[in-house]
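Residue-level listing of the chains:
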Amino acid sequence: ILISEEMLAEEAKKKLEEEAAAAKERAAQRQLFAVEELVQTERNYLRMLQLCSVTVRNNLQQLQPPPPNLDSMFLYIEDVIGVSCRLLSLLDQKQVQPGDPEFLETLCNSFLSLSVDIEAAYKEYLANYNNISAVENGYKQKEALWIEMVKVIKASAPEVNAASLSFFLVMPMQRIARYPLLLQTIQKHTDPSHRAYALLEQTANTSIALNCRINEYKRFKEVADKYKKTEILTIKDKIYRLNTRSIAKKTARLSQQLKHETGMAAKLVDEEFDALEGFFYVLENAILELLENVETYLHHLQGFLACKTEEFDFDMDGEKEPICYKEITTALRQWILPTFEKRLRTLIYKPLCALRDLLVGPRNLIRKRLDKLLDYEVIEAKPNLSYEEQAVASTYKTMNTLLLNELPQFNSLALQMIWGMLGTFSCLHKDLASDMEQLFQSFAQQLPHSSLHPRAFWEWAESAALEGARRLQTLCRSVEDTLNAPIVQVGADLTVSSQSRLKQLTDKHGSGKIYQVVATVVGSRDLDLSLNKGELVAVISEADTRGDKRRWLVDAGGRRGYVPSSKLLRYHQPTDEPPPSPQLMLPEGVSGARRHSYTPESPPQLFVRQPCFQVLAAYDFTARGNHEVSMRAGEPVRVLEPHDKRGNREWSLVEAKGGQRGYVPSNYLTILPVGSSSQAF
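The structure contained in this document is the topic of the report that follows. Here the structure is a predicted model, which is why all the values come from computation and not from measurement.

### Considerations on the overall build of the protein chain
And then number 1: The helix and strand inventory of the protein chain stands at 17 helices and 10 strands.
And then number 2: Expressed as a percentage of its 681 residues, the buried residues of the protein chain come to 35%.
And then number 3: Considering only residue pairs separated by 6 or more positions, the protein chain has 69% of its internal contacts joining residues 24 or more positions apart.
And then number 4: Here the protein chain displays about 41900 Å² of accessible surface, and carbon together with sulfur accounts for 55% of that area.

Shown next as structure tokens:
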């Protein structure tokens, strides 16, 4: 009996050992299958991504016209392909098979070493996946385009029977979530005594934490995408959005702001965020101001290029200076400056415009954070929060965390771009100066004064430029005085009907409102008048009902309507019985020459013996333009010229009280004696 019991015990023990060995063998087999599944599915996954990003993408781009925004669907996919290639490359470098005991350790070490890169690649791709879906849905709205795209996709990958791009592009989202499952399966079938078990457990936990961080980042991005957009709403849309809940929310925010301003409630202060926000606004102002300066610079450069001075005939044939000037200017305008402008637009202007557009997102997020902060302050002190209040608190914390993490990076990159563009701007001007120097050196020996010492040359150049500027300024003033000189229409040239209308309009509106039509006017709108050249009208209003000063309301002797102001010229009429004119009449018995035109170089002074006379204003006169001067009756004036720039003696250039100079009607002046002492006029 004892022998039989021992035999049974040995058989049971042997059976247990066999079952344990079989279980161990099955576990090892399952572990091998799981490892092989991870490696093989990784290879298939990589092949599918490469097929999609290369073959399918290139074939879709061959469509005419190519699908819009196609490249946006493949953003960050190259990074995902890159980390998958590196993972398989690390496994292949060890030259160990999945059944080898060292393979598991190699797999874990490879995954852990790439975990940071895997997270960086996948989190950006998954955050952009909503955009991928939106673009593909846009394709589906265009039936003809979508049918062509499906044909191309099926022809490019016939072995997988894919019917859309999302068949391939959803794979990274599925793959990153599958890593923890595969690693946990391997861990489940790995003996705890295995030397790589601890490393495997660490790898599985890392993959889980990696997924959690990616999901959190994706949630942050979704919140940012929701609030950073700038919505352009009409008044109708805003009215439709008004409801009890939105009004209550805005009222609560306004109430909270008033409490902050009055000191009734303390404001939550985040010094770190306040510093980031202040620096962001400093960068924003710098970018906008720099962009405005570059736009002004390009505008002036285009104006310079549009002025083709080398095409003008200087009537200086055979002289070296004009020939050299034409050749230099031609080279500048046709080659050097256009190349400079193109580089400036490519390297400075376009990046600045892109950077300006990127400011919109952070700016909107900062503003929305303030709104969410006010909502959060209202519910912060509550012990128990409802589901909606918890969502409000979660949204604020998410936005605050997102800005604290992302805004420093944005500020840093924006600052680097600004410094880089300023450096590029300096380099562009250095290259421009070098090109211009080479151009001028080729003509230097042909120009006069080229043999002078540099200091003497620059002194000559400065004096020549100043002299030219002075002469140009004098010419401009002369032309301006000529153009601004008053034009007098003589009443004797008017027809009988025009004289009758002139008297009617003058009696009704006054002489200061009389204008003459300088070009034929054809009315093209309601209430417009059609007038012939030379007709007289009286201006009632110097603007239409909408405030447009280009259309004046006039009285044409019974008819009233609008006329373009550019076709009207003030009509100056002589007085029927003018008072004595100072340049025409002198009291009898007075001997002595009249004063002549005044010139700044040699101001003449005329000394008259007793009795002495002076020029006075006989009537009040109000200036109607910059070229005229106002005076009051009895006010003494000094006659500088007894005629205008065109020699018309109906107007005199005088100097009134206070040193103001301008034209006045000559028949508004008179000469009266002032005393017996000698006096200069």
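### Let's talk about the environment of Gln516
And then number 1: Locating Gln516 in the fold gives a position in strand S1 (residues 514-517).
And then number 2: In this structure, the C-alpha to C-alpha distance between Gln516 and Tyr571, residues 55 residues apart in sequence, is 5.7 Å.

### Focus: the sheet that holds strand S4 (residues 560-564)
And then number 1: Read from one edge to the other, the open sheet built from 5 strands follows the order S4-S3-S2-S1-S5, with strand pairing classed as antiparallel. At either end of the open sheet lies a strand with only one pairing partner, and these are S4 and strand S5 (568-570). On average, each strand axis in the sheet is inclined to that of its neighbour by 50 degrees, with strand direction left out of account.
And then number 2: Judged from the 5 bridges that link them, strand S3 (residues 551-555) and S4 form a sheet pairing that is antiparallel. Bridge assignment links Leu553 to a residue of S4, and that residue is Tyr562.
And then number 3: Docked against the sheet, helix H17 (residues 496-509) engages S1, strand S2 (536-541), S3 and S4, running at close to 20 degrees with respect to S2.

### Notes on the side chain of Glu635
And then number 1: One can find Glu635 in the loop between strand S6 (612-617) and strand S7 (638-641).
And then number 2: Look at Glu635: it is buried, it has no salt bridge, and the nearest opposite charge is Arg632 at 6.3 Å.
And then number 3: At 3.1 Å, the side chain of Glu635 forms a polar contact with the backbone nitrogen of Lys657.
And then number 4: If we ignore the near neighbours within four places in the chain, the residues touching Glu635 are Val615, Leu616, Ala617, Ala656 and Lys657.

### Remarks on the nonpolar core
And then number 1: Grouped together as the largest cluster of nonpolar side chains are 63 residues, with contacts concentrated most on Tyr122, Leu165, Phe168 and Leu169.
And then number 2: What Phe168 contacts, discounting residues up to four positions off in sequence, is Met48, Leu49, Leu51, Cys52, Ile153, Ala157, Val160 and Ala162.
And then number 3: Grouped together as the second largest cluster of nonpolar side chains are 42 residues, Ile348, Leu407, Ala414 and Leu439 included.

### Structural notes on the packing of helix H4 (residues 115-127) against helix H8 (residues 171-188)
And then number 1: Where H4 contacts H8, the axes come no closer than 10 Å and their chain directions differ by 140 degrees. The angle between H4 and H8 places the two elements in the oblique class. Here H4 runs over H8; the crossing is left-handed. The segment H4 lies against H8, with Ile118, Tyr122, Tyr125 and Leu126 engaging Pro172, Met173, Arg175, Ile176 and Tyr179.

Rules of the game
- Residues numbered from 1 in each chain as written.
- Predicted model: local features only at pLDDT ≥ 70, side-chain atom pairs only at ≥ 80, totals over all residues.
- Heavy atoms only, no water.
- Helix = DSSP H or I, 4+ residues; strand = E, 2+ residues; numbered from the N terminus.
- Buried < 20%, exposed > 50% of the residue type's maximum accessible area, 1.4 Å probe, protein only.
- Contact = heavy atoms within 4.5 Å.
- Areas by Shrake-Rupley, 256 points an atom, 1.4 Å probe, with all protein chains shown as cover.
- Pairing = 2+ DSSP bridges.
- Axes fitted to C-alpha atoms, helices over the stretch in contact; angles between N-to-C directions.
- Lys, Arg positive; Asp, Glu negative; His and termini not counted.
- Salt bridge = Lys/Arg side-chain N within 4 Å of Asp/Glu carboxyl O.
- Polar contact = N/O pair within 3.5 Å; in protein donor to acceptor, adjacent residues only side chain to side chain.
- Core = buried A, V, L, I, M, F, W, Y, C linked by side-chain atoms within 4.5 Å.
- Parallel < 35°, antiparallel > 145°, perpendicular 65-115°, else oblique.
- Left-handed = near helix turned anticlockwise from the far one by under 90°.

Interpretation in functional terms is not warranted from these geometric data alone.
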